[in-house]
Amino acid sequence: MSNEVDISDSSYPHDGCTFYYEVRGSGQPLLFLNGSGSTIEAVSLLVDYFARSFTVAIHDQRGLGRTSIPEGPYAMAQYAADAIALADHLGWKSFNVLGISFGGMVAQELATTFPDRVNRMVLCCTSAGGEGGSSYPLHELAQLEPDLRADRSLSLSDTRFNDQWFLDHPEDLIYRRTAETTSDNEKRRGELLQLEARRHHDVWDRLPNVTAEVLIASGTFDGIAPPDNGRAIASRIATSEYREYLGGHMFFIQDRQALRDIVEFLKTPSPS
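Note that the structure is predicted; figures quoted are calculated from it, not measured.

How each quantity is defined
Residues numbered from 1 in each chain as written. Predicted model: local features only at pLDDT ≥ 70, side-chain atom pairs only at ≥ 80, totals over all residues. Heavy atoms only, no water. Axes fitted to C-alpha atoms, helices over the stretch in contact; angles between N-to-C directions. Helix = DSSP H or I, 4+ residues; strand = E, 2+ residues; numbered from the N terminus. Parallel < 35°, antiparallel > 145°, perpendicular 65-115°, else oblique. Contact = heavy atoms within 4.5 Å. Nonpolar A, V, L, I, M, F, W, Y, C, P; charged D, E, K, R; others polar. Disulfide = S-S within 2.5 Å. Polar contact = N/O pair within 3.5 Å; in protein donor to acceptor, adjacent residues only side chain to side chain. Salt bridge = Lys/Arg side-chain N within 4 Å of Asp/Glu carboxyl O. Buried < 20%, exposed > 50% of the residue type's maximum accessible area, 1.4 Å probe, protein only. Pairing = 2+ DSSP bridges. Left-handed = near helix turned anticlockwise from the far one by under 90°.

**Student:** I'd love a proper account of the packing of helix 2 (residues 76-90) against helix 3 (residues 102-113), names of residues and values included.
**Tutor:** Packed helices, taken two at a time, are described by the angle their axes make and the gap between the axes. With their axes 8 Å apart at the nearest point, helix 2 and helix 3 run at an angle of 80 degrees to one another. As summarised for this structure, helix 2 and helix 3 are arranged roughly perpendicular, according to the angle between their axes. In this structure, helix 2 contributes Met76, Ala77, Tyr79, Ala80, Ala83 and Ile84 to the contact, and helix 3 contributes Phe102, Met105, Val106, Glu109 and Leu110. Looking at the contact of helix 2 with helix 3 residue by residue, the classes come out as 10 nonpolar, no polar and 1 charged.

Right, here's the structure in full:
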């Protein structure tokens, strides 16, 4: 395997869909699973960060980005199978997984269904569903008027965020942005199909099937996937540990220690 950082991109077919993917970096294989409505382009800098330490593979999930938008409905099991299809396409028999938000839901589905494929796994700002608690129903936000949706999205992303907070912490204004909705009807269809699949996420009863070493990480002020949901996941996986960071749903950007801890955890050899 080359020691030089490399960026390659291509596509692979699976289950009636053509997936766009990229591979960056070198080192241990790391499957990066993205959040709701997010694309490779949106998290490119984050992918580059992990590519310093790992060979990172990421795909635009079905219905999003440069991946095709097949007819729905979609199911969480399909998202997990899509990710396994990428690993198979790359010839990865086993690998590490990083799942963020919705990607953490997909990661749980993957690790409970294909436990022998996952070595180590990090679950960020996510939920198990069922008795373990569900993340905020984002499909309900999609129905709100733009201004109301932006305000609600902001307070959910970090429960501290309000007008007074930004007056007192002007450095956090970077997080204060309008919640955007694509004007492309076809892309919007893909986003809504993903939100509908997300609504039915529930791996609570199957979490004990996970055999990988797992780090569950939450932000103290996350209103989308609150810390209680992260602690619940940890309670069901014997090989897991839970850590909490100072921040909201984007704690891994707000708390500089988080990314360092994630890389260190993923680099640690798993017990034989």
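Additional details are given in the paragraphs that follow.
**Student:** Residues and numbers for the state of the cysteines, please.
**Tutor:** Defined simply, a disulfide is a covalent bond joining two cysteines at their sulfur atoms. This structure, assessed with the given rule, holds 0 disulfides. Here cysteine 125 stays unpaired: no disulfide links it, and the sulfur of cysteine 124, its closest cysteine neighbor, is 5.7 Å away.

**Student:** I'd like a description of the side chain of arginine 160, backed by residues and values.
**Tutor:** Examined against the element boundaries, arginine 160 turns out to sit in the loop between helix 5 (146-157) and helix 6 (163-168). Reaching out from arginine 160, the side chain makes a polar contact with the side chain of aspartate 158 at a distance of 2.8 Å. The residues contacting arginine 160, other than those within four sequence positions of it, are Trp165, Phe221, Leu246, Gly247 and Gln254.

**Student:** Lay out the pattern of salt bridges in plain terms, naming residues and giving numbers.
**Tutor:** One pass over the structure, following the stated rule, counts 14 salt bridges. Aspartate 82 is the partner of arginine 62 in a salt bridge, and the nearest nitrogen-oxygen pair spans 2.7 Å. Here aspartate 82 lies in helix 2 and arginine 62 lies in the loop between strand 4 (54-59) and helix 2, a separation of 20 residues in the sequence. Among the ionic pairs, arginine 189 bridges to glutamate 186, the shortest N-O distance being 2.7 Å. Here the residue arginine 189 and the residue glutamate 186 both occupy positions in helix 7 (residues 185-199), the gap between them amounting to 3 residues, near one helical turn. A relative accessible area of 38% places glutamate 186 in the partly exposed class. One network of salt bridges, in which partners are shared, links Asp15, Arg62 and Asp82.

**Student:** Please give an account of the pairing of strand 3 (residues 28-33) that cites residues and values.
**Tutor:** Across 5 bridges, strand 3 lies against strand 4 in parallel orientation. For leucine 31, the partnering residue across the bridge sits in strand 4 and is alanine 57.

**Student:** Tell me about the packing of helix 1 (residues 44-51) against helix 10 (residues 256-267), residues and numbers included.
**Tutor:** Packing of helix 1 against helix 10 brings their axes to within 11 Å, and their N-to-C directions diverge by 45 degrees. Comparing their axes, helix 10 and helix 1 come out oblique. Seen along the crossing, helix 1 lies across helix 10 with a hand that is right-handed. Between helix 1 and helix 10, the residues in contact are Leu46, Tyr49 and Phe50 and Leu259, Arg260, Ile262 and Val263, respectively.

Everything listed is a geometric property; what it means functionally is a separate question.
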